[in-house]
Amino acid sequence: MSLPEIIRGKVYILGDNVDTDQIIPAQYLTYNPAIPEEYRQFGKYALIGVPGAQGGLPKGHIPFHDATDDFVSPYTILIGGKNFGCGSSREHAPIALNAAGIKAVIAEFYARIFFRNAVNGGYLIPFETPFRLCDKVCTGDMLRIELASSTVVNETTGEVFHLRPLGDVAPIIEAGGLFPYAEKTGMLSPKS
Amino acid sequence: MAGMTLTEKILAKHAQRDRVAPGENIWVDVDVLMTHDVCGPGTIGVFHKQFGKNAKVWDRDKVVIIPDHYIFTADAMANRNVDVLRAFVKEQNLPHFYDVGTDRYKGVCHIALAEEGHTRPGEVLLGTDSHTCNAGAFGEFATGIGNTDAGFVMGTGKLWLKTPPTMRFVFHGELPPWLMAKDMILSVIGDIGCDGATYKAMEFDGPGVYSLNMEERMTLCNMVIEAGGKNGVIAPDQVTLDYVNARNKLGKKYEVVKGDPDATFEFEKVYDLAKLKPVIAKPHSPDNKAFVDELVGMRLDRAYIGSCTGGKITDFRAAAKILNGNTVKIDTFIVPATTEIAKNLKTETLDGKTLEQVFLNAGAKIGEASCAACLGGPADTFGRLNSAIRCISTTNRNFPGRMGNKEAEVFLASPLTVAASALNGFITDPREYFA
């Protein structure tokens, strides 16, 4: 897998400390992500644990899925505040967002296991910002992330924001996850 | 050149290096990999997909599989997941499997790991559960990972880790009888915030820590993840070695590692236990700290004593002291973490009654050893909050929906505070019972 140059789509806004129980509540962890039909189900329940008023900021009470979709949400990019993905180690969390069609998350910073899982599993790109982007963008705005320059353009308002560089994990993200990265760097012999 | 912390020394040793510095990415050798029924099937899927259908785990003696999350449920999918574990154990001929419905069934993985001799000083233990940091109480590096990482470890025995800087928390004095390790760790989390240790190691030190038994030390390390910590760790002493050696039925050799006296800590905070009061975390975050005496009188619907951090034998001894001879005013659920603890409830006595009798006489309900309602789980889970009620609990998390209903309110506190509150039906300061 090579990285896309641009990630473009509608954005869904959340606040601080969005924990893994909000991203995918424990009762849905009985699906096995190793089975493709069950993997799809995680998309349906992604973000179902977010309390109504905290979903789809700044207004709130905006559902992540609209009435017409079952598994894939109309949103492509997610923005959160501090400590996104805190709580449990469940890889089902980035899987649920991936199955729902989310390609990138932008947050001030992440809880470390969610970050590792997102990167090592190759499910989505976890970008960080040195400021609170979640207060500057509205749910439903059309965003364009330009990877080469680490910038976000809000096409709805014309504003431009800068992301932090991906840093240490960039080679793993570029490779598509831990396994392809390990093959590329000689840690694993490539699959025949 | 400055010395290394305990965490840095363990990681350096497992990377075959003389030294590592915070921020360095290193490949480490893993001593024990643990998985359970919720993340095991996904991990096994990654392993098979990446290494092939006929692949073998890197070392069958180093893989430990402990079903514990969704056990006593009619949920067919949950039961199917335990079958996935069984098939894998059979295929790989794995010796360390604690299967449901057998004499080997244990319950909550983190306490099972300790009881069954899988936690040893100086080692690296990774598990597909965020509370794997629990094992840092034994002076080892232990942290939670996801399915992809665990699948990688299964095939290679290695994983890349970023060396964390260490924050040190020093406790002076000794715990008075109305305080427990839960009050200590809720203080720390409240002080530094639920992201205060993100990407960092948290080392606990000082006479107030070394006076604790291993169960209480586990309570401290278990909840470092609630501050975002990568791992929690306590240097091994004689208390550690006595516990580990008594449980080391596998006869494994291990090497005690200690931090250098001139190690560098990124942060240090000192506590005096003589000045600490009972602590509680209000909804909906473990860092939403208050002192119990600020909330006395708040009406409750339920009390829950269980989980890896709050369902150990020491937690039940503490609760029994308060419940003995009294009657609870609200639904009170008792869930031993493991089957060994469940057996002990039937044999340990207080004033001539078993702990089980104390709890039943008080009107509490006792469930079977497992994670149960700590993380909600399927709708028929014992003690699950199926409606928007208010619960006081000895568990480790109170994010929205953690114990079931997302409008429910969960207050986290020590077993002493939970037991005292169960008797009144409102939040109660346990010091009342130590007058």
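As the structure is a prediction and not an experimental result, all values here were calculated from the model. (Residues numbered from 1 in each chain as written. Chains lettered and ligands numbered in written order. Predicted model: local features only at pLDDT ≥ 70, side-chain atom pairs only at ≥ 80, totals over all residues. Heavy atoms only, no water.)

J.: Looking at this model, I keep getting lost on the side chain of B:Asn398. Mind explaining?
T.: Residue and element names in this part refer to chain B. The residue Asn 398 is located in the loop between strand E19 (390–393) and strand E20 (409–412) in this model. Among the residues examined, Asn 398 registers a relative accessible area of 0% and is labelled buried. Polar contacts involving the side chain of Asn 398 include one to the main-chain carbonyl oxygen of Lys 282, which spans 2.8 Å. At 3.2 Å, the side chain of Asn 398 forms a polar contact with the backbone oxygen of Val 410. Those residues in contact with Asn 398 that lie beyond four places of it in its chain are Ala 281, Lys 282, Pro 283, His 284, Ser 285, Pro 286, Val 410 and Leu 412. (Helix = DSSP H or I, 4+ residues; strand = E, 2+ residues; numbered from the N terminus. Buried < 20%, exposed > 50% of the residue type's maximum accessible area, 1.4 Å probe, protein only. Polar contact = N/O pair within 3.5 Å; in protein donor to acceptor, adjacent residues only side chain to side chain. Contact = heavy atoms within 4.5 Å.)

J.: I'm lost on the domain arrangement of chain B in this one. Help?
T.: One widely used convention gives an interface's size as the accessible area the parts lose upon coming together. All names here are of chain B. The assigned domain composition of chain B is domain 1 (6–253 + 266–270) and domain 2 (280–430). Averaged C-alpha coordinates put domain 1 and domain 2 at centres separated by 24 Å. The interface of domain 1 with domain 2 comprises 41 residues on the first partner and 38 residues on the second. Interface area for domain 1 against domain 2, summed over the two sides, is near 3,200 Å², with a carbon-plus-sulfur share of 59%. The tally of links from domain 1 across to domain 2 stands at 4 salt bridges. A salt bridge links Arg 247 to Glu 340; its shortest N-O distance comes to 2.9 Å. (Domains from an automatic or database assignment. Buried area = accessible area lost by both parts, 1.4 Å probe. Salt bridge = Lys/Arg side-chain N within 4 Å of Asp/Glu carboxyl O.)

J.: Would you take a moment to explain helix H14 (residues 415–424) of chain B for this structure?
T.: Because an α-helix packs 3.6 residues into every turn, residues spaced three or four apart end up facing the same way. Residue and element names in this part refer to chain B. Within H14, 9 of the 10 residues are buried, leaving the element largely enclosed by the surrounding structure. Those residues of H14 lying buried are Pro 415, Leu 416, Thr 417, Val 418, Ala 419, Ala 420, Ser 421, Ala 422 and Leu 423. Buried positions along H14 lie against helix H10 (292–295), strand E14 (302–306), helix H11 (313–323), strand E15 (331–335) and E19. Following H14 by one or two positions, Gly 425 has its phi on the positive side, about 80 degrees.

J.: What exactly am I supposed to notice about the pattern of salt bridges here?
T.: Charged atoms that come close allow side chains of opposite charge to pair. Residue and element names in this part refer to chain B. Applying the stated criterion across every chain yields a total of 41 salt bridges over all chains. Residue Lys 106 pairs with Glu 115 through a salt bridge whose shortest N-O separation is 2.7 Å. Given a relative accessible area of 5%, Lys 106 falls into the buried group. Residue classification places Glu 115 among the buried residues on the basis of a relative accessible area of 4%.

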